[in-house]
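Results of the structural survey
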Amino acid sequence: MQFRDLKKQYQVLKEEMDVAISEVLENCNFISGNQVKELEERLAKYVGRKHCITCGNGTDALTMMMMAWNIKEGDAVFVPDFTFFASAEVVSFEGATPVFYDVDPDSFNADVTSLKDAIQKVKDEGKLIPRAIIAVDLFGQPADYEKLEAIAKENNLLLLEDAAQGFGGRIGDREACSFGDASTTSFFPAKPLGCYGDGGAIFTDDDETAKLLESIRVHGKGQFKYDNVRIGWNSRLDTLQAAILGVKLTAFEKNELKAVNEVAKKYTEALSDIVKTPCVKNGFYSSWAQYTIQLKNQEERDGLQAYLKENGVPSMVYYPKPMHLQTAFADTKKYVDCSVSEELCKKVLALPMHPYMNAEDLEKVCNCVKDFLN
């Protein structure tokens with residue numbers, strides 16, 4: 001059994017995928033080929049943004065937005081405590097200070113009360129300049145952007161949607177990657193929309209920001225390749241990966257997003273009576289990057305994970321350690337309590353989840369969970 005079955009996906013898409021890859025190989029347009037621009041136009045239309053700027057990976061996408069916004073030493077950027085390391089890493093990379101806020105125990109996304117508290121405490125202290133909020137669409141469900149956008153506006157802060165796991169999710173009729181002042185996503189293979197290597201994208205409605213990002217991703221270039229007008233970055237999406245994503249985006253739109261939601265529905269129906277299953281808020285839609293259950297404590301979680309492994313069922317812990325307890329942030333001041341994040345790290349367990357999961361595998365996972373807990 002695969003945790004996320006990319007082999008099965010390739011078997012289903014093999015004919016179209018092989019044609020797309022062969023076209024790149026035959027034309028030898030490995031860097032900045034037509035497929036890159038075509039993909040950017042499709043992605044921008046899908047999420048409802050004016051511009052899409054692809055890049056080398058999701059972390060680069062976040063970093064490039066920090067660069068575009070001139071986030072620097074002395075600035076405070078507010079980051080959820082329960083997330084992947086990159087969400088906070090990019091802040092420190094620019095010399096700024098990540099200020100961690102707690103998350104909601106049901107959605108795993110931003111706790112707006114904790115965020116407000118963190119902003120106020122930074123303001124009261126007066127040592128850092130509050131500049132931006134990073135909100136993460138964890139496990140596929142968008143954060144509550146109606147509330148987050150109001151907080152950002154009230155405090156004159158920029159808002160960045162980190163949709164590395166959120167592509168395909170939505171709130172009402174608005175797609176993930178359309179929220180905040182800008183948004184980013186990742187095309188890491190295991191993401192809802194993933195390539196066969198690394199890849200990422202940034203979305204914005206601002207013409208000047210888009211122009212700046214296009215310069216940053218190619219060594220700060222100006223009018224032509226050897227005209228460098230700023231210190232930039234080297235972060236282009238390969239044509240090969242763009243071609244692969246073109247095929248996958250079609251499948252994602254046609255059936256994969258619907259299929260993965262059907263798998264999630266069946267999981268919830270089978271397990272909700274015996275374990276805490278993921279909560280999708282009213283009016284929200286998830287792309288299910290992960291299906292994450294919560295156990296009573298770390299002992300029960302670790303026991304279940306071991307039992308699943310014994311029975312040939314893969315599982316993962318996303319995440320075993322909150323940001324404020326990472327060694328890299330040992331000297332970073334903690335402004336607010338993040339006890340929910342600490343507890344989640346002890347209790348969460350992600351089960352196998354992908355659009356091509358068959359009924360037999362789904363039943364086996366559910367039966368193993370039931371057998372262990374009973």
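Residues numbered from 1 in each chain as written. Predicted model: local features only at pLDDT ≥ 70, side-chain atom pairs only at ≥ 80, totals over all residues. Heavy atoms only, no water.

A short note on the sheet that holds strand 4 (residues 129-136)
The seven strands lie next to each other as 1-9-8-5-4-2-3, forming an open sheet whose pairing is mixed. Strands with a single pairing partner mark the edges of an open sheet, and in this sheet they are strand 1 (51-55) and strand 3 (97-101). Here the average twist between neighbouring strands, direction ignored, is 25 degrees. Bridging between strand 8 (residues 182-186) and strand 9 (residues 200-204) involves four bridges; their strand directions are antiparallel. When the sheet's bridge partners are listed, threonine 184 is paired in strand 9 with isoleucine 202. Against the sheet, helix 2 (residues 34-47) engages strand 1 and strand 9, with an angle of about 130 degrees to strand 1. The strands that helix 7 (residues 207-216) touches are strand 1 and strand 9; relative to strand 1, the one it contacts most, it runs at about 15 degrees. (Pairing = 2+ DSSP bridges. Helix = DSSP H or I, 4+ residues; strand = E, 2+ residues; numbered from the N terminus. Axes fitted to C-alpha atoms, helices over the stretch in contact; angles between N-to-C directions. Contact = heavy atoms within 4.5 Å.)

Topic: a negative patch on the surface
On the surface, a cluster of negative charge is made up of Glu23, Glu26, Glu38 and Glu41. For the negative patch, the elements supplying multiple residues, two or more each, are helix 1 (6-27) and helix 2. (Patch = residues over 30% accessible without salt bridge, like charges linked within 9 Å, V, L, I, M, F, W, Y side chains within 5 Å. Areas by Shrake-Rupley, 256 points an atom, 1.4 Å probe, with all protein chains shown as cover. Salt bridge = Lys/Arg side-chain N within 4 Å of Asp/Glu carboxyl O. Lys, Arg positive; Asp, Glu negative; His and termini not counted. Charge placed at Lys NZ, Arg CZ, Asp CG, Glu CD.)

A closer look at the pairing of strand 11 (residues 291-294)
Burial along strand 11 is two-sided: Tyr291 and Ile293 and Thr292 and Gln294, pointing in opposite directions, are all buried. Across four bridges, strand 11 lies against strand 12 (residues 348-351) in antiparallel orientation. Paired with threonine 292 across the bridge in strand 12 is alanine 350. (Buried < 20%, exposed > 50% of the residue type's maximum accessible area, 1.4 Å probe, protein only.)

Topic: the packing of helix 3 (residues 58-68) against helix 7
Packing of helix 3 against helix 7 brings their axes to within 10 Å, and their N-to-C directions diverge by 120 degrees. Considering their axes alone, helix 3 and helix 7 lie oblique with respect to each other. Considering how the two elements wind past one another, helix 3 and helix 7 form a crossing that is right-handed. Across from Met64, Met65, Met67 and Ala68 in helix 3, the residues of helix 7 making contact are Thr209, Leu212, Leu213 and Ile216. Taken together, the residues that form the contact of helix 3 with helix 7 break down as seven nonpolar, one polar and no charged. (Parallel < 35°, antiparallel > 145°, perpendicular 65-115°, else oblique. Left-handed = near helix turned anticlockwise from the far one by under 90°. Nonpolar A, V, L, I, M, F, W, Y, C, P; charged D, E, K, R; others polar.)

With respect to unusual backbone geometry
Of note, the amide linkage connecting tyrosine 318 to tyrosine 319 takes the cis form, showing an omega dihedral of 10 degrees. Summarising the element assignment, tyrosine 319 is placed in the loop between helix 9 (298-310) and helix 10 (339-347). Positive phi values are uncommon outside glycine, yet asparagine 156 reaches one of about 55 degrees. In this structure asparagine 156 comes out as exposed when scored by relative accessible area, which is 71%.

Structural notes on the nonpolar core
Counting residues in hydrophobic clusters, the biggest one holds 84 residues, and the most contacted among them are Leu43, Phe82, Phe167, Tyr267 and Leu351. Looking at this core element by element, the count peaks at ten residues for helix 8 (residues 239-271). Each of domain 1 (4-100 + 107-245) and domain 2 (254-371) accounts for three or more of the residues forming this core. In contact with leucine 351, other than residues within four places in its own chain, are Phe3, Tyr267, Leu271, Tyr291, Ile293, Leu308, Val365 and Val369. Ala76, Ala110, Ile133 and Phe179 belong to the second-largest nonpolar core, a separate cluster that totals 26 residues. (Core = buried A, V, L, I, M, F, W, Y, C linked by side-chain atoms within 4.5 Å. Domains from an automatic or database assignment.)

Some thoughts on the UniProt feature "modified residue: N6-(pyridoxal phosphate)lysine" (unreviewed entry) in the chain
Under the UniProt annotation, the feature "modified residue: N6-(pyridoxal phosphate)lysine" (unreviewed entry) is placed at Lys191. Counting through the fold element by element, lysine 191 comes out in the loop between strand 8 and strand 9. On the accessibility criterion, lysine 191 (18% relative accessible area) is buried. Once residues lying within four places of it in the same chain are set aside, the contact partners of lysine 191 are Arg4, Ala164, Gln165 and Ser186. (UniProt positions renumbered as here; feature names shortened; annotations may be inferred.)

A look at empty space enclosed by the protein
On inspection of all chains with the given rule, the structure shows three cavities of 30 Å³ or more. As a volume, the largest cavity reaches approximately 100 Å³. Lining of the largest cavity is provided by 14 residues; of these, Arg4, Leu6, Gln9, Glu256 and Pro355 occupy positions nearest its centre. Each of domain 1 (4-100 + 107-245) and domain 2 (254-371) gives at least three residues to the lining of the largest cavity. Roughly 80 Å³ of internal volume is contained in the second largest cavity. What lines the second largest cavity is a set of 13 residues, among which Phe108, Phe139, Gln141, Pro278 and Trp288 lie closest to the centre. Residues belonging to the lining of the second largest cavity are distributed by class as follows: seven nonpolar, five polar and one charged. (1 Å grid on protein atoms, 1.4 Å probe; cavity = no way out; pocket = protein on both sides within 12 Å on 5 of 7 lines; lining within 4 Å. Points joined across faces, edges and corners; volume = space filled by probe spheres on them.)

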